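Observations on chain architecture
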Amino acid sequence: MPQVVKKTNTLTPPPIKDLRTGSEQAWKDFFAFFDSMIQSIAAWPKWNFEVHTREDVVQNIRISIVQSIGRLNSEQALQQFVKKICIHRCIDMLRGKMRDQARLLPITLFNEEGEQEDIDLPDGPESDPVYILRQAERAAELRAALGHLEQACRDGLRQFYFEGLSYKAMAASQGVSINTVGSRLSRCLEKLRMALERDMD
């Protein structure tokens, strides 16, 4: 019976300059080196992410790293750079889960006829009118900014942030690859940010 030899990870991250050129092999080596860290942080118990949620977070992390690598100048800061992005994307996902749990409530909604109507708000100390009004104002600003985007962006943002679809489900719905879904979302979020900034000027 042949002896089983346990493999050790002898990989090293590629130079940043190779990543910036978009070298496919460099990025393959990069994610082979950092995959265990990315997966580990996304699986931290404090996030309480389900398996499909962790998959989405990991995909978001990878996309963010590719988009942000141009801002990194020091090879020594690479590991901290990756860890920081991992944590930030996990926090972003937590914010989405808070929204889904209805912790951020608008004071109006649209009924089945498409008409806007007020929500019955609870009485008592659990209802903070200042907080509710601020959230309503932010919701109004967001709706206005979304109105500046093309339909494809609005649909993509709605599917991911409001309907809670995974990248995999969105890719199947749109007939594109998972990576394409991620890059589209990134571009649409940037357009939304610019629209919000214009509306606030």
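Anything mentioned here points back to the structure above.
On a predicted model such as this, the values are computed, not experimentally measured, just so you know.

Reading the values: rules and limits
- Residues numbered from 1 in each chain as written.
- Predicted model: local features only at pLDDT ≥ 70, side-chain atom pairs only at ≥ 80, totals over all residues.
- Heavy atoms only, no water.
- Axes fitted to C-alpha atoms, helices over the stretch in contact; angles between N-to-C directions.
- Helix = DSSP H or I, 4+ residues; strand = E, 2+ residues; numbered from the N terminus.
- Left-handed = near helix turned anticlockwise from the far one by under 90°.
- Contact = heavy atoms within 4.5 Å.
- Nonpolar A, V, L, I, M, F, W, Y, C, P; charged D, E, K, R; others polar.
- Salt bridge = Lys/Arg side-chain N within 4 Å of Asp/Glu carboxyl O.
- Buried < 20%, exposed > 50% of the residue type's maximum accessible area, 1.4 Å probe, protein only.
- Parallel < 35°, antiparallel > 145°, perpendicular 65-115°, else oblique.
- Arc of directions from axis to C-beta.
- Phe/Tyr/Trp six-rings, centres within 6.5 Å; stacked < 30°, edge-to-face > 60°.
- Lys NZ or Arg CZ within 6 Å of the ring centre and 35° of its normal.
- Core = buried A, V, L, I, M, F, W, Y, C linked by side-chain atoms within 4.5 Å.
- Expected span 1.5 Å × (residues − 1).

Considerations on the packing of helix α6 (residues 151-162) against helix α7 (residues 167-174)
Running from N to C, α6 and α7 point in directions that differ by 145°, and their axes come no closer than 10 Å. For the crossing formed where α6 meets α7, the hand is right-handed. On α7, the residues that touch Gly156, Gln159 and Phe160 of α6 are Tyr167, Met170, Ser173 and Gln174. Per-class residue counts for the contact of α6 with α7 are 3 nonpolar, 4 polar and no charged.

Some points on the pattern of salt bridges
Evaluation of the coordinates by the stated rule reveals 7 salt bridges. Arg158 is the partner of Asp155 in a salt bridge, and the nearest nitrogen-oxygen pair spans 3.3 Å. Remark: Arg158 and Asp155 occur in helix α6; sequence separation between them is 3 residues, near one turn of the helix. The class of Asp155 is partly exposed, set by a relative accessible area of 26%. Ionic pairing is found between Glu163 and Arg158, a salt bridge with its closest N-O pair at 2.2 Å. Judged by its relative accessible area of 43%, Glu163 falls in the partly exposed class.

Some points on the packing of helix α2 (residues 24-42) against helix α3 (residues 51-68)
Two elements in contact, α2 and α3, have axes whose closest approach is 11 Å; the angle formed by their N-to-C orientations is 135°. By the angle between their axes, α2 is oblique relative to α3. The chirality of how α2 crosses α3 is right-handed. For the pair α2 and α3, the contacting residues are Trp27, Phe30, Phe31, Asp35, Ile38, Gln39 and Ala42 in the first and Arg54, Val57, Val58, Ile61, Arg62, Ile65 and Val66 in the second.

What to know about α6
Turning to α6, its buried residues are Cys153, Gly156, Leu157, Gln159 and Phe160. Axial view of α6: buried residues confined to an arc of 160°, hence all on one face.

Some thoughts on the packing of aromatic side chains
Taken as a whole and judged by the stated rule, the model has 9 aromatic pairs. For the pair Trp27 and Phe30, a centre-to-centre distance of 5.2 Å together with 70° between the ring planes defines the contact as edge-to-face. One end of the pair is Trp27 and the other is Phe30, both in helix α2 and 3 residues apart, which spans about a single turn. Each ring, one from Phe33 and one from Phe34, has its centre 4.8 Å from the other, and the planes form 80°; the classification is edge-to-face. A relative accessible area of 3% places Phe34 in the buried class. Clustering of aromatic rings is evident, with ring pairs tying together Trp27, Phe30, Phe31, Phe33 and Phe34. Stacked on the ring of Trp47, the Lys or Arg Lys46 has its end atom at 5.0 Å from the ring centre.

Side note on the environment of Gly156
By the element assignment, Gly156 lies in helix α6. C-alpha of Gly156 to C-alpha of Leu189: the two residues are 33 residues apart in sequence and 9.9 Å apart in space. The residues contacting Gly156, other than those within four sequence positions of it, are Met170, Gln174 and Leu185.

Let's talk about the nonpolar core
With 41 residues, the main nonpolar core has Phe30, Ile38, Ile65, Ile69, Phe81 and Val82 as its most contacted residues. Looking at this core, the elements that each hand over two or more residues are α1 (16-20), α2, α3, α4 (78-100), α5 (129-146), α6, α7 and α8 (178-200). Sorting elements by how many residues they give to this core places α2 first, with 9 residues. Among all residues touching Phe30, those that are not within four sequence positions of it are Pro14, Leu19, Ile65, Leu78 and Val82.

Description of α3
With 18 residues, α3 should cover 26 Å at 1.5 Å per step; its first-to-last C-alpha distance of 26 Å lies within 8% of that length. Within α3, the full set of buried residues consists of Thr53, Asp56, Val57, Val58, Gln59, Asn60, Ile61, Ile63, Ser64, Ile65 and Ser68.

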